[in-house]
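Next come the chains, spelled out residue by residue.
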Amino acid sequence: MLSRFMSGPHPAKRRLVAMSSHLGNGPQNGGPTGPAGQTRAKVLTIDSMNPLVKKVEYAVRGPIVARATELEKELEKGVPKPFKQVIKANIGDAHAMGQKPITFLRQVISLCVNPDLLNNESFPADARERARRILQGCKGGSLGSYSDSVGVEVIRKDIAAYIERRDGFPSDPDNIFLSTGASDAIKNMVKLMVRGSGRDQTGVMIPIPQYPLYSAVTAELNAVQVNYYLDEDNNWALDIAELERSVKEARQHCTPRVLCVINPGNPTGQVLSKENVREIIKFAAREHLFLMADEVYQDNIYAEGCAFHSFKKTMMELGPEYSTLELASFHSTSKGYMGECGFRGGYMEVINMDPQVKLQLKKLVSTKLCPPVSGQATMDCVVNPPQPGEPSYESFIKEKTAVLKSLAERAKLVAETFNSIEGVTCNTVQGAMYAFPRIALPQRAVEKAKSLGQAPDGFYALQLLEQAGICVVPGSGFGQREGTYHFRTTILPQPDKLKIFMDAFTAFHNKFMKEYAD
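Residues numbered from 1 in each chain as written. Predicted model: local features only at pLDDT ≥ 70, side-chain atom pairs only at ≥ 80, totals over all residues. Heavy atoms only, no water.

**Quick look at the domain arrangement of the protein**
Where interface size is quoted, it is often the accessible area lost as the parts come together.
Item 1. Split into domains, the protein comes out as domain 1 (2–49), domain 2 (54–98 + 397–515), domain 3 (101–145) and domain 4 (150–383).
Item 2. Relative to domain 3, the C-alpha centre of domain 2 lies at a distance of 39 Å.
Item 3. Where domain 2 abuts domain 3, roughly 280 Å² becomes buried across the two surfaces, and 51% of that area is made up of carbon and sulfur atoms.
Item 4. Looking at the side of domain 2 facing domain 3, the largest losses of area belong to His95, Glu399 and Val403, adding up to 94% of the total buried there.
Item 5. Remark: the boundary between domain 2 and domain 3 carries 0 salt bridges.
Item 6. At the boundary of domain 2 with domain 3, the tally comes to 1 residue pair in polar contact (both at pLDDT 80 or more). (Domains from an automatic or database assignment. Buried area = accessible area lost by both parts, 1.4 Å probe. Salt bridge = Lys/Arg side-chain N within 4 Å of Asp/Glu carboxyl O. Polar contact = N/O pair within 3.5 Å; in protein donor to acceptor, adjacent residues only side chain to side chain.)

Okay, structure coming up:
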């Protein structure tokens with residue numbers, strides 16, 4: 001990862017090298033010694049470690065983000081910088097960017113963590129009822145006990161009921177697997193499907209640009225990453241002809257077994273139309289692919305005329321020919337209007353999974369004992385929110401609506417501002433939490449980056465951080481068509497900070513373009 005964005009004498013890299021050579025490498029550091037005081041050779045070295053781990057890259061928390069943290073510490077020490085604060089727009093962490101927690105959700109979690117408050121009437125009756133119900137499902141009535149490996153049963157029932165209300169089709173709690181965020185469930189599903197070598201090696205079809213979790217998991221599990229490109233000229237639409245090209249070419253060297261779709265899109269912010277979802281389902285059925293639907297942004301829909309269409313509902317509506325397709329869909333507490341990233345709550349629903357495979361999946365998740373029970377309780381609040389007539393309903397709806405309305409306004413503002421800047425183009429942010437603008441880098445800037453051993457958009461992003469204090473993720477960390485350059489930014493900074501962000505970005509970009517003008 002370091003080599004992808006930077007290879008020059010960067011301070012963070014020098015310190016990493018210095019630390020690795022200093023710590024634990026000799027008796028003066030208390031390290032083990034061999035005969036006659038000689039330093040014992042390490043069992044685990046960069047050469048002897050698992051080579052698949054070295055292939056893993058995760059740009060969202062890469063070296064540019066590490067440098068942003070260094071800059072924050074330097075500012076705290078009074079080191080002069082051309083900016084007063086670092087704005088971390090690299091990751092979809094709503095609360096870190098100033099979003100306030102939803103009151104009802106935090107009340108329920110507080111009551112679950114401290115049951116002594118259950119009779120405290122300063123908490124609304126519906127919050128106390130939800131907490132009691134969750135705790136009754138926990139062993140010993142405590143959030144601190146292990147749950148079943150697949151999750152607390154009453155929470156799985158609530159999730160199934162939520163899916164039934166959303167889709168209008170039955171959902172079986174036995175098909176629900178609670179997870180440590182959606183990420184852990186996604187990794188487990190890919191793990192089930194990895195097998196073979198050569199042309200039998202599992203291929204995982206991934207959208208480009210993609211959320212780096214998918215490429216990281218594919219690399220770690222020694223599967224083959226099969227790219228299909230989203231159509232930037234058509235607001236990042238998913239073109240079936242491109243899927244067909246991708247799978248046909250992949251079958252020359254591997255066996256594609258799974259198709260991953262992110263809707264709404266990350267990092268691209270597009271929302272799939274109902275017809276597009278239908279076409280994808282038909283393609284997966286035709287090509288005999290397991291379908292994985294990442295739907296963690298299902299509440300984050302902003303653009304007029306757009307709506308969330310779940311893959312399960314659409315698949316069932318298509319009738320018997322397609323309703324038997326194997327599908328896993330994912331949801332999370334980290335996104336939506338909740339933004340509760342730190343609780344690490346999520347779930348997966350599996351549809352039409354072979355019963356023997358499901359037993360193997362249950363065995364696999366049992367090796368981690370259980371997901372965080374506090375995260376499971378948070379997920380329950382998401383799928384079982386206050387209903388009309390309950391004490392918390394009006395305040396809950398007011399808070400939820402305000403969050404989503406503000407995000408929609410910021411989504412529009414960010415895209416419009418980027419499009420007003422020469423050399424920057426940005427598609428409409430229809431949903432999710434990100435914009436993925438394209439930057440027309442001057443050739444001199446591209447050549448400068450290459451002379452430093454850096455990706456051109458990595459060079460641009462690093463300069464943006466050093467000169468303006470803005471931390472974004474280079475498009476090369478998500479994948480992009482050859483010869484194009486992008487970066488991903490969240491739309492999460494609160495309105496006052498977002499104005500600072502956009503003003504500082506505009507000033508930097510204009511200066512950068514002038515400096516490297518051809």
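There's more to say after this.
**Some words on unusual backbone geometry**
Item 1. Cis geometry marks the peptide bond from Asn263 to Pro264, where omega comes out at -10°.
Item 2. Looking at the element boundaries, Pro264 is found in the loop between β5 (255–262) and α11 (274–286).
Item 3. For the bond from Asn266 to Pro267, the omega torsion is 20°, close enough to zero to count as cis.
Item 4. Within the secondary structure, Pro267 is located in the loop between β5 and α11. (Helix = DSSP H or I, 4+ residues; strand = E, 2+ residues; numbered from the N terminus.)

**Some thoughts on the packing of helix α7 (residues 153–167) against helix α14 (residues 373–383)**
The geometry of a pair of packed helices is captured by two quantities: the angle between their axes and the separation between those axes.
Item 1. In contact at an axis separation of 9 Å, α7 and α14 are set at 30° when each is read in the N-to-C sense. Our classification of the angle between α7 and α14 gives roughly parallel. Helix-helix and strand crossings are classified by hand; for α7 and α14 the assignment is left-handed. Residues Val154, Ile155, Asp158, Ile159, Tyr162 and Arg165 of α7 pack against Gln376, Ala377, Met379, Asp380 and Val383 of α14. (Axes fitted to C-alpha atoms, helices over the stretch in contact; angles between N-to-C directions. Parallel < 35°, antiparallel > 145°, perpendicular 65-115°, else oblique. Left-handed = near helix turned anticlockwise from the far one by under 90°. Contact = heavy atoms within 4.5 Å.)

**Comments concerning the pairing of strand β14 (residues 487–490)**
Item 1. Of the two faces of β14, the one holding Phe487 and Thr489 and the one holding Arg488 and Thr490 are both buried throughout.
Item 2. Bridge analysis of strand β10 (residues 434–435) against β14 gives 2 bridges, and the strand direction is antiparallel. Following the sheet pairing, Ala435 is matched in β14 by Thr489.
Item 3. Summarising the sheet, strand β13 (residues 473–474) and β14 pair through 2 bridges and their orientation is antiparallel. By the bridge assignment, Val473 is partnered in β14 with Arg488. (Buried < 20%, exposed > 50% of the residue type's maximum accessible area, 1.4 Å probe, protein only. Pairing = 2+ DSSP bridges.)

**Focus: the nonpolar core**
Item 1. Ranked by size, the top nonpolar core spans 119 residues in total, and within it Met189, Met292 and Phe418 carry the most contacts.
Item 2. The leading source of residues in this core is helix α15 (residues 393–419), at 8 residues.
Item 3. In contact with Met189, other than residues within four places in its own chain, are Phe290, Met292, Ala328, Phe330, Met348, Val350, Met353 and Leu361.
Item 4. Residues Tyr228, Leu243, Ala250 and Val473 belong to the second largest nonpolar core, which totals 32 residues. (Core = buried A, V, L, I, M, F, W, Y, C linked by side-chain atoms within 4.5 Å.)

**Quick word on the sheet that holds β10**
Item 1. Taken in spatial order, the 3 strands make up an open sheet running β10-β14-β13, and their pairing is antiparallel. Lying at the two open borders of the sheet, with one neighbouring strand each, are β10 and β13.

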